[in-house]
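Geometric and topological summary
The lines below spell out each chain.
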Amino acid sequence: MTTTLFPIYPEGTKMINSEIGVKTMGDKIFYFNGSMVIYEHHKKDYQSFRHVTSQMIVLGNAQQIEIIKCFKVSKESVQRWVKKYREEGSKAFYTKRNGGNRGTVL
């Protein structure tokens, strides 16, 4: 006989969708699937935030609109992060950008 397990999320968890929740505890942000932590990063680590949310979208665990609504970020930003993740992978969020062509200071 099989037993059905219901997902149990920590109290105060904000739901991204019916399967993924997010909660800030201290100076860390935790992403949950049920009671299992699937991601974690410091709350001021924006590179990891962009990486994690993009990865959730690309892997099909969340939709762009769910990320936009949950975290109150712009549609354009999420689209840019997802494009970056698809083209360059995880490393794109952690490598320093080349300064490019900067103007001359007078």
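Residues numbered from 1 in each chain as written. Predicted model: local features only at pLDDT ≥ 70, side-chain atom pairs only at ≥ 80, totals over all residues. Heavy atoms only, no water.

Focus: the overall build of the protein chain
A count of helices and strands for the protein chain gives three helices and four strands. The order of helices and strands in the protein chain, counted from the N terminus, is β-β-β-β-α-α-α. In the protein chain, which comprises 106 residues, the share counted as buried stands at 32%. Of all intrachain contacts in the protein chain linking residues separated by at least 6 positions in sequence, the fraction that spans at least 24 positions is 34%. (Helix = DSSP H or I, 4+ residues; strand = E, 2+ residues; numbered from the N terminus. Buried < 20%, exposed > 50% of the residue type's maximum accessible area, 1.4 Å probe, protein only. Contact = heavy atoms within 4.5 Å.)

Details of the packing of aromatic side chains
Overall, the coordinates contain six aromatic pairs when judged by the stated rule. A ring pair is formed by Phe 49 and Trp 81, whose centres lie 5.7 Å apart and whose planes are at 80°; its orientation type is edge-to-face. One end of the pair, Phe 49, is in helix 1 (residues 46-58); the other, Trp 81, is in helix 3 (residues 75-88), and 32 residues separate them in sequence. For Phe 49, a relative accessible area of 12% puts it in the buried group. Judged by its relative accessible area of 11%, Trp 81 is buried. Through successive ring pairs, a cluster of aromatic residues spans Tyr 31, Tyr 39, Phe 49, Phe 71 and Trp 81. (Phe/Tyr/Trp six-rings, centres within 6.5 Å; stacked < 30°, edge-to-face > 60°.)

Concerning the pairing of strand 2 (residues 20-25)
Consecutive side chains along a regular strand alternate between the two faces of the sheet. Judged from the two bridges that link them, strand 1 (residues 14-15) and strand 2 form a sheet pairing that is antiparallel. Following the sheet pairing, Met 15 is matched in strand 2 by Gly 21. Connecting strand 1 to the next strand, strand 2, in antiparallel fashion are four residues. Judged from the six bridges that link them, strand 2 and strand 3 (residues 28-33) form a sheet pairing that is antiparallel. Bridging from a neighbouring strand, Lys 23 pairs with Phe 30 of strand 3. (Pairing = 2+ DSSP bridges.)

Some thoughts on the sheet that holds strand 4 (residues 36-42)
Ordered by their spatial adjacency, four strands build an open sheet running 1-2-3-4, and the pairing between neighbours is antiparallel. Both outer strands of the open sheet, strand 1 and strand 4, are each paired with one neighbouring strand and no more. As paired strands, strand 3 and strand 4 are joined by six bridges and run antiparallel to one another. Bridge pairing in strand 4 places Asn 33 opposite Met 36. Contacting strand 2, strand 3 and strand 4, helix 1 runs over the sheet at an angle of about 150° to strand 4. (Axes fitted to C-alpha atoms, helices over the stretch in contact; angles between N-to-C directions.)

Section: the pattern of salt bridges
Counted according to the given criterion, the structure contains one salt bridge. Note that Lys 28 is salt-bridged to Glu 40, the shortest N-O span being 2.9 Å. Separated by twelve residues along the polypeptide, Lys 28 in strand 3 and Glu 40 in strand 4 bring together distant segments of the chain. With a relative accessible area of 32%, Lys 28 lands in the partly exposed category. Taking the relative accessible area as the measure of exposure, Glu 40 reaches 38% and is therefore partly exposed. (Salt bridge = Lys/Arg side-chain N within 4 Å of Asp/Glu carboxyl O.)

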